[in-house]
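# Tertiary structure, described
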Amino acid sequence: MWCHGRRSALFAVAVAAILAAAAAAGEVVHDGRRTYIVHCSHAAMPSEFAAHADWYASSLQSVSGGAAAVIYTYDTLLHGYSARLTRAEARALEAQPGVLLVNPETRYELHTTRTPEFLGLDRAEALFPESNTASDVVVGVLDTGVWPERASYDDAGLGPVPAGWKGKCEGGSDFNSSACNRKLIGARFFLAGYEASKGPVDTSKESRSPRDNDGHGTHTSSTAAGSAVHGADLLGYASGTAKGMAPRARVATYKVCWVGGCFSSDILKGMEVAVADGVDVLSLSLGGGTSDYYRDSIAVGAYSAMEKGIFVSCSAGNAGPGAASLTNGAPWITTVGAGTLDRDFPAYVTLGNGNKYDGVSLYSGKQLPTTPVPFIYAGNASNSSMGALCMTGTLIPAKVAGKIVLCDRGTNARVQKGFVVRDAGGAGMVLANTAANGEELVADAHILPGAGVGEKAGNAMRTYASSDPKPTANIVFAGTKVGVQPSPVVAAFSSRGPNTVTPGILKPDLIAPGVNILAAWSGSVGPSGIADDHRRTSFNIISGTSMSCPHVSGLAAFLRSAHQDWSPAAIRSALMTTAYAAYPNGDGLLDVATELAATPLDMGAGHVDPSKAVDPGLVYDLTAADYLDFLCAIEYEPAQIAALTKHSSDRCSASRTYSVAALNYPSFSATFPAAGGTEKHTRTLTNVGKPGTYKVTAAAAAGSTAIKVSVEPSTLSFSKVGEKKSYTVSFSAGGKPSGTNGFGRLVWSSDHHVVASPILATWT
């Protein structure tokens, strides 16, 4: 009677596994029901139905007896609907003709100034042609909403809203539909999926509207495309002009994240509406676990967005430095990791024994006395096994009153520990890293005099506090420091490759600034994000790949305005092949987690360089047909491909040979058995710059001598824009233990351009 396609024998197993994962992640599965997303073949609607919505409702009625209702219908990025179903109903529905897949809903989490100058955008702007096209580009941000009153959304100097724009400004609680302007041209919210799973939104905690009560959405959207704001700062720190990467681009926000998370049914609907509205770039600083692309709602939505020429940028995640920790690894998504700026916020901790340690802080308030202050380790001031972490209620006031308390980092929020110390009568706090965070320092707007220090300093301070009969300490706050070197370095929290879904696609693609980023903030919450923090600021400094993602989204808008004919793949290629992987002295970019040179698994192609990306010389372009060939290469079933792409389920031909190594990606990932072997990759370069002859160099990094790289041909000549030339790369590897990685770099150089690609080799 309904939707037609090939059944997966593993459906029941997959549903059980995803349900177990959902339960572990805190998903609500009440009355035996949870939300599923039903993918259907659009062409399979029976003739007796006048509209697809009628077909979907009837299909749902047939398995649930009227107990379930459609939450959303989808008709742009996918075909189908979402509904609350029991496991048995989902099985029955998946068996109906015309149903391609029935996917359990996934809950995604948010991946949570100086930047334009650090990236050279003050110089890059001069490279762009004088035109008004920059203001016609629209960046769509799916996040926690927007605080429209912030100066970052000032529309001074902007012309009328682009003629093709179809979006709108939705009113709701604490948000008037007139809040938008010529800068913030759209604001919508999506919560039907959230409320179906979690119950009604608690309006005492968040607005049932596009209003951003969290701050994350305002921060990300203003980072991507905020207008220039002079005199911006956080509590006196990072003073200067704050502006987004594409300050003349328009912003449209889609609130899909709430206190309880971001649900895939809402995310898909938000993406679908954003595409229909007419966005040019989609920015999503959120993610979940890893799963096959056809089960990953962001990957599903991003595929159709890519087909429509929309660039999709996503955060890699904050689960680093562990291997294989990244999310959003689909090859049609640009996956962004995080690096540091050359700006820091130093604070110095001096102990009574005269030893001085470097730390960081954004504290602004009454200073500690200049005389030494009694010092105590939290683990020695508590009767709780969790006392060293300064968890709520674990400190003994009589032991910490008037003292600087040393707290271990971990478990509860960093700034929340300061509230615990303050409430117990403490005078200040030193937040010490453990082995889990090493020497990475992230500045926080502490509520009392407080500073964060690395693991080594923390160990020394713990020893001192426990061994000296009368330990003392003091903290001095040194404000804002710029010109910090080396910079950038890869942030320890930034999620790493390899790509567990498709090891043949190297991820992340690149890194961008994601540590201590200043951008606009919500008026509903203090800079710490803690409910008891009653401070209010127009800007905030926070860190995460959530911050690096909108940098790339804004840069993509910047490139789109300069090159309106470039595809999303061409834009990504320009950003990747011009990224830098070494400092000016030739040393490789550092990874703060290891204090060694970062690898492509940490940073992909390297750190973005906008001034070069605007004129990359050559690009590796891709079309939807290329991605379809890729899906055939990874042997997806016809129904899985159809659900993901909306294309015919018989797309893959038995007479053709498909290979992941043939996908025209700007990076290389080769896999070998432990005994070694050879793998060939093919690539095609398109000239987008001056005529010229390019010569190739390809080499393995130090310590990766087991890899041999040969390229044929070794020279490519281009005489006009749009000309394409292909080449083949052969990777030969000797034997190595399974799990070994090797790295390298392939570079095409002309008189005017350098086009570089990272190389990963893995022995399995």
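Not measured: the values here are computed from a predicted model. (Residues numbered from 1 in each chain as written. Predicted model: local features only at pLDDT ≥ 70, side-chain atom pairs only at ≥ 80, totals over all residues. Heavy atoms only, no water.)

## Section: the overall build of the protein
Quick reminder of the rule: A run of H or I in DSSP becomes a helix once it reaches four residues, and a run of E becomes a strand once it reaches two; helices and strands are each numbered from the N terminus. We compute the radius of gyration over the C-alpha atoms and compare it with the globule rule, which gives 2.2 Å times the number of residues raised to the power 0.38. Relative accessibility thresholds used throughout: buried, under 20% of the residue-type maximum; exposed, over 50%; partly exposed, between the two (1.4 Å probe, protein chains only). Note on areas: Shrake-Rupley with a 1.4 Å probe; residue coverage comes only from the protein chains shown. Asp and Glu are treated as the negative residues and Lys and Arg as the positive ones, with His and the ends of the chain left uncounted. In plain terms, the charge of a residue is placed at NZ if it is Lys, CZ if Arg, CG if Asp and CD if Glu.
Each helix and strand in the protein was counted, giving 18 helices and 40 strands. Against the globule reference of 27 Å for 764 residues, the protein gives a C-alpha radius of gyration of 26 Å, in line with a compact fold. Taken over the C-alpha atoms alone, the protein extends approximately 80 × 65 × 60 Å along its principal axes. The buried share of the protein, reckoned over its 764 residues, is 60%. Summing over all exposed atoms, the protein offers an accessible surface of approximately 26900 Å²; the carbon and sulfur share of this is 53%. Side-chain charges in the protein split into 60 positive and 63 negative, and the spacing between the mean points of these groups amounts to 2 Å.

## Digging into the environment of Asp602
The condition that has to hold: Note on definitions: a residue-residue contact is assigned when non-hydrogen atoms from the two residues lie within 4.5 Å. Under this definition, polar contacts are N or O atom pairs within 3.5 Å; protein pairs additionally need one hydrogen-donor-capable and one acceptor-capable atom, and for neighbouring residues in sequence, both atoms have to be side-chain atoms.
Looking at the secondary structure, you find Asp602 in helix α15 (residues 600–603). What Asp602 contacts, discounting residues up to four positions off in sequence, is Val490, Arg496, Pro508, Ile511 and Asp591. At 2.9 Å, the side chain of Asp602 and the side chain of Arg496 are in polar contact.

## Some details on unusual backbone geometry
Cis geometry is found at the peptide bond from Gly320 to Pro321, where omega equals 5°. Along the chain, Pro321 turns up in the loop between β15 (311–315) and β16 (334–339). Residues other than glycine seldom take positive phi values, yet Asp174 does so here, at roughly 60°. Following the sequence through the fold, Asp174 ends up in the loop between β6 (138–143) and β7 (184–189). The backbone phi angle of Glu635 is positive, close to 60°, even though this residue is not glycine.

## Thoughts on helix α9 (residues 297–307)
Most of α9 is tucked away, with 10 of its 11 residues classed as buried. Within the sequence span of α9, burial applies to Ser297, Ile298, Ala299, Val300, Gly301, Ala302, Tyr303, Ser304, Ala305 and Met306. Of the residues that open α9, the one with a side-chain oxygen 3.1 Å from the backbone nitrogen of Ile298 is Asp296. Looking one or two places after α9, you find Gly309, whose phi comes out positive at around 85°.

## Concerning the state of the cysteines
To keep things clear, this is the line we draw: Only a pair of cysteine sulfur atoms within 2.5 Å qualifies as a disulfide here.
Scanning all chains against the criterion turns up 4 disulfides. The residue that forms a disulfide with Cys390 is Cys407, at a sulfur-sulfur distance of 2.0 Å. With the S-S dihedral at roughly -80°, the linkage between Cys390 and Cys407 falls on the left-handed side. With Cys390 in the loop between β20 (373–377) and α10 (397–400) and Cys407 in strand β21 (residues 404–408), this pair connects stretches of sequence that are 17 residues apart.

## Some points on the UniProt feature "domain: Peptidase S8/S53" (unreviewed entry) in the protein
Counted only if it meets this: UniProt positions are given in the numbering used here, feature names are shortened, and annotations may be inferred rather than shown by experiment.
UniProt's entry tags residues 135–582 with the feature "domain: Peptidase S8/S53" (unreviewed entry), counted in the numbering of this structure. Secondary structure across residues 135–582 comprises 22% helix and 24% strand; the distance between its end C-alpha atoms is 34 Å.

## Description of the sheet that holds strand β39 (residues 741–749)
Counted only if it meets this: Two strands form a pair only when DSSP identifies at least two bridges running between them. The convention used is that axes are lines fitted to C-alpha atoms, helices contributing only their stretch in contact, and that angles between N-to-C directions extend from 0 to 180 degrees.
Reading across from one edge, β33-β40-β39-β35-β37 is the order of the 5 strands in this open sheet, with mixed pairing throughout. Since the sheet does not close on itself, it has two edges, and those belong to β33 (668–672) and β37 (715–718), each with one partner. If you compare each strand with its neighbour and ignore which way they point, the axes differ by 20° on average. In terms of strand pairing, β33 meets strand β40 (residues 754–763) through 5 bridges, oriented parallel. Note on β40: the bridge partner recorded for Phe668 is Ile759.

## Quick notes on the domain arrangement of the protein
What counts is decided by this rule: Each domain's limits were defined by an automated method or a database of domain assignments. Buried area: the accessible surface (1.4 Å probe) lost by two parts on joining, summed over both. Salt bridges, as used here, are contacts in which a Lys or Arg side-chain nitrogen is within 4 Å of a carboxyl oxygen on Asp or Glu. By the convention adopted, Pro, Cys, Tyr, Trp, Phe, Met, Ile, Leu, Val and Ala count as nonpolar, Lys, Arg, Asp and Glu as charged, and the other residues, Gly among them, as polar.
Splitting the protein by domain gives domain 1 (29–104), domain 2 (116–342 + 488–612), domain 3 (347–476) and domain 4 (617–622 + 664–763). Residue-level contacts link 18 residues of domain 1 with 22 residues of domain 2. Around 1600 Å² of area is buried between domain 1 and domain 2 when both sides are counted, 61% of it from carbon and sulfur atoms. Per-residue buried area on domain 1 facing domain 2 is highest for Tyr72, Thr76 and Leu77; these three make up 42% of the total on that side. Applying the counting criterion to the domain 1 and domain 2 interface returns 0 salt bridges. Linking domain 1 with domain 2 are 14 residue pairs in polar contact (both at pLDDT 80 or more). Of all the secondary-structure elements, those providing two or more residues to the side of domain 1 that touches domain 2 are β1 (33–40), β2 (70–74), β3 (80–86) and β4 (99–104). Looking at side-chain class alone, the side of domain 1 that touches domain 2 contains 9 nonpolar, 7 polar and 2 charged residues.

## Some words on helix α3 (residues 87–94)
Since one α-helical turn is 3.6 residues long, residues separated by three or four positions face the same way. Convention followed: The arc refers to the directions leading from the helix axis to the C-beta atoms.
Within the span of α3, buried status applies to Glu89, Ala90, Leu93 and Glu94. Take α3 and look down its axis: the buried residues cluster within an arc of 130°, on one side only.

## Observations regarding the packing of aromatic side chains
Here is the rule: Only Phe, Tyr and Trp rings are paired, with Trp represented by its six-membered ring, and only when their centres lie within 6.5 Å; those with planes under 30 degrees apart are stacked, over 60 edge-to-face, the remainder tilted. Sitting over a ring, as applied to charges here, requires NZ of Lys or CZ of Arg to be within 6 Å of the ring centre and within 35 degrees of the ring normal.
In the structure shown here, the tally under the stated rule is 18 aromatic pairs. Measuring from centroid to centroid gives 5.0 Å for Tyr303 and Trp332, while their planes differ by 85°, and the two rings are edge-to-face. Note that Tyr303 is positioned in helix α9 and Trp332 in the loop between β15 and β16, a separation of 29 residues in sequence. Taken as a pair, Tyr303 and Trp332 share a single burial class, namely buried. An aromatic cluster is present here, built from Tyr293, Tyr294, Tyr303, Trp332, Tyr627, Phe630 and Tyr636 joined pairwise through their rings. If you follow Arg211 out to its NZ or CZ, it ends over the ring of Trp147, 4.3 Å from the centre.

## Thoughts on the packing of helix α7 (residues 216–225) against helix α13 (residues 545–562)
Heads up, the rule is: Note on convention: near helix rotated counterclockwise from far helix by under a right angle means a left-handed crossing. Clockwise means right-handed.
Contact pair α7 / α13: the axes reach a minimum separation of 7 Å and the direction vectors enclose 35°. In the crossing of α7 with α13, the sense of the turn from one axis to the other is right-handed. Within the contact between the two elements, α7 uses His216, His219, Thr220, Thr223 and Ala224 and α13 uses Ser546, Met547, Pro550, His551 and Gly554. For the contact of α7 with α13, the class distribution of residues is 3 nonpolar, 7 polar and no charged.

## Things to note about the confidence of the model for the protein
Our working rule: The predictor attaches a confidence to each residue, called pLDDT, with possible values from 0 through 100.
When pLDDT is averaged along the protein, the result is 91, and 92% of the positions lie at 70 or above. Counting interchain partners and residues more than four positions distant, the pLDDT-below-50 stretch residues 1–27 has 68 contacts. A low-confidence stretch, residues 126–131 (pLDDT under 50), is modelled with 8 contacts involving residues beyond four sequence positions or located in other chains.

## A word on the sheet that holds β3
The 4 strands are arranged β2-β3-β1-β4 in an open sheet whose pairing can be described as antiparallel. The sheet terminates laterally at β2 and β4, the two strands that pair on one side only. If you compare each strand with its neighbour and ignore which way they point, the axes differ by 30° on average. Helix α2 (residues 52–64) contacts β1, β2 and β3 of the sheet and is inclined by roughly 15° relative to β3. Against the sheet, helix α8 (residues 264–277) contacts β1, β2 and β3, and its axis sits at roughly 35° relative to β2.

## As for the pattern of salt bridges
For the structure shown, the criterion picks out 20 salt bridges. Here Asp423 and Arg422 are joined by a salt bridge, their closest N and O atoms 3.2 Å apart. What makes Arg422 partly exposed here is its relative accessible area of 35%. Where salt bridges share partners, they join Glu149, Asp174 and Arg211 into one cluster.

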